[in-house]
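One letter stands for each residue in the lines below.
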Protein chains: 2
Amino acid sequence: MPSHEQMISVVKSYVAAFDSGDAEAVVQLYAADATVEDPIGSPALRGHEAIRQFYQRSMATGAKLRLEGAVRTGGNHAAFAFSAHLDLAGGHKRIDVIDSFRFDAAGKVTEMRAFWGPDNMHGF
Amino acid sequence: MPSHEQMISVVKSYVAAFDSGDAEAVVQLYAADATVEDPIGSPALRGHEAIRQFYQRSMATGAKLRLEGAVRTGGNHAAFAFSAHLDLAGGHKRIDVIDSFRFDAAGKVTEMRAFWGPDNMHGF
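Every value quoted in this text rests on a predicted model; they were computed, and no experiment measured them. (Residues numbered from 1 in each chain as written. Chains lettered and ligands numbered in written order. Predicted model: local features only at pLDDT ≥ 70, side-chain atom pairs only at ≥ 80, totals over all residues. Heavy atoms only, no water.)

This brings us to the pairing of strand E4 (residues 77-88) of chain A. Residues and elements named next belong to chain A. Of all twelve residues in E4, ten are buried; the element is thus mostly enclosed. Taken together, the eight bridges between strand E3 (residues 64-74) and E4 define a ladder with antiparallel strand orientation. Residue pairing in the sheet places Glu68 in a bridge with Ala81 of E4. Taking the residues between adjacent antiparallel strands as the criterion, E3 and E4 are bridged by two residues, where Gly75 takes a positive phi near 55°. When E4 meets strand E5 (residues 91-103), the two strands line up antiparallel, connected through twelve bridges. Bridge pairing in E5 links His85 to Arg94. Hairpin connection of E4 to E5: two residues between the antiparallel strands. (Buried < 20%, exposed > 50% of the residue type's maximum accessible area, 1.4 Å probe, protein only. Helix = DSSP H or I, 4+ residues; strand = E, 2+ residues; numbered from the N terminus. Pairing = 2+ DSSP bridges.)

Shown next as structure tokens:
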């Protein structure tokens, strides 16, 4: 089971890689057959190629992530609250999100679920 | 699927019932065969009686909950960050937690998972 420090490190790497537009660095945090359900309730994506395409699209919006409060970790899971900020032609937008990560023994993310929906979108 | 407003209402009722020490009011937010995994990674409790006993024990600590940031909702899920505050003989304690709720069509919680662990406990 990954340690608290390992899981915190992955979350921080995830945010930094996202904000620098490095989809490949994000993909490398995931296990080969990992699933991404973003937003929760949508069909899960599976595997590096689908995950890479998803993050390439997400990063193309120019969104930047801001962690809010402590990363919570328990067992082989982490959860963290953040807001995604976008500056578009129509002005500043914000989406409030909570992500959960499940980890394998090697510290790779095997499941990501992003809790957010239309009511968490502001300024759109 | 419950609406955003219904899910928000359940989360607010949950916090209010917890803080008033009303375990039965919390139990009534859950479906009859609901599961509670608190903390995540521990064996899930199932059903009203096990859930009632769990909350009676939790509330006996005198813990009070403080929501942090917006409740996130998507599909039939909600997630919310909060801190639990305890004033014990040894002084003030805080635990940082993120809970996720899954809802059924009637708006009852069918699955609760509480993301926190030893590294989220402060002042103990």
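Still more ground to cover, so stick around.
As a further point, take the relation of the copies chain B and chain A. Of the transformation placing chain B onto chain A, the axial shift is 0.0 Å and the rotation is 180°, giving an RMSD of 0.0 Å. Both copies are brought into coincidence by an operation consistent with a two-fold rotation axis. When C-alpha positions in chain B are compared against the rotation axis, the closest is assigned to Ala81 of chain B, at 3.4 Å. Taken together, the interface assignments show that 100% of the residues at the interface of chain B recur at the interface of chain A, consistent with an identical surface on both copies. (Least-squares fit on C-alpha atoms with pLDDT ≥ 70 in both. Contact = heavy atoms within 4.5 Å.)

Residues and elements named next belong to chain B. For helix H3 (residues 48-60), spanning 13 residues, the distance from its first C-alpha to its last is 18 Å, which sits close to the expected 18 Å at 1.5 Å a residue. For H3, the complete set of buried residues consists of Ile51, Arg52, Phe54, Tyr55, Ser58 and Met59. Taken end-on, H3 shows its buried residues confined to a sector of 165°, consistent with a single buried face. Relative to its buried face, H3 has exposed residues pointing more than 90 degrees away, namely Arg57 and Ala60. Next to the buried residues of H3 lie helix H1 (4-19), helix H2 (23-27), strand E1 (30-37), strand E2 (45-46) and strand E6 (109-115). Gly62, located one to two residues past H3, shows a positive phi value of around 80°. (Expected span 1.5 Å × (residues − 1). Arc of directions from axis to C-beta.)

A ring pair, where both rings are aromatic, is described by two values, the distance of the centres and the angle of the planes. Evaluated as defined, the whole model comprises 18 aromatic pairs over all chains. Their ring planes at 70° and their centres at 6.3 Å tell us that Tyr14 of chain B and Phe80 of chain B sit as a pair that is edge-to-face. Taken together, the residues span a long stretch of sequence, with Tyr14 of chain B in helix H1 and Phe80 of chain B in strand E4 (residues 77-88) at a distance of 66 residues. You'll find Tyr14 of chain B and Phe80 of chain B in the same group, each marked buried. One aromatic cluster in this structure is built from Tyr14, Phe18, Tyr30, Phe54, Tyr55, Phe80, Phe82, Phe101 and Phe103 of chain A. Taking the ring centre of Phe124 of chain A as reference, the NZ or CZ of Lys93 of chain A above it sits at 5.7 Å. (Phe/Tyr/Trp six-rings, centres within 6.5 Å; stacked < 30°, edge-to-face > 60°. Lys NZ or Arg CZ within 6 Å of the ring centre and 35° of its normal.)

Across the contact, 26 residues belong to chain B and 26 residues belong to chain A. Here chain B and chain A share an interface that buries about 1900 Å² over both sides, 59% of which is from carbon and sulfur atoms. Among the residues chain B hides against chain A, the three largest losses belong to Arg72, Ile98 and Phe115 of chain B. Together they make up 32% of the total. Linking chain B to chain A there are two salt bridges. Close ionic contact of Glu68 of chain B with Arg72 of chain A constitutes a salt bridge, the shortest N to O distance being 3.1 Å. Elements represented by at least two residues in the side of chain B that touches chain A include exactly H1, strand E3 (64-74), E4, strand E5 (91-103) and E6 of chain B. (Buried area = accessible area lost by both parts, 1.4 Å probe. Salt bridge = Lys/Arg side-chain N within 4 Å of Asp/Glu carboxyl O.)

Next up on the list: the environment of Val97 of chain A. As for its position among the elements, Val97 of chain A is in strand E5. Relative accessible area serves as the criterion here: at 5%, Val97 of chain A is assigned to the buried category. C-alpha of Val97 of chain A to C-alpha of Ala31 of chain A: the two residues are 66 residues apart in sequence and 22 Å apart in space. Val97 of chain A has contacts with Phe80, Ala81, Phe82, Ala114, Phe115 and Trp116 of chain A together with Arg72 of chain B, leaving out every residue within four places of it along the chain.

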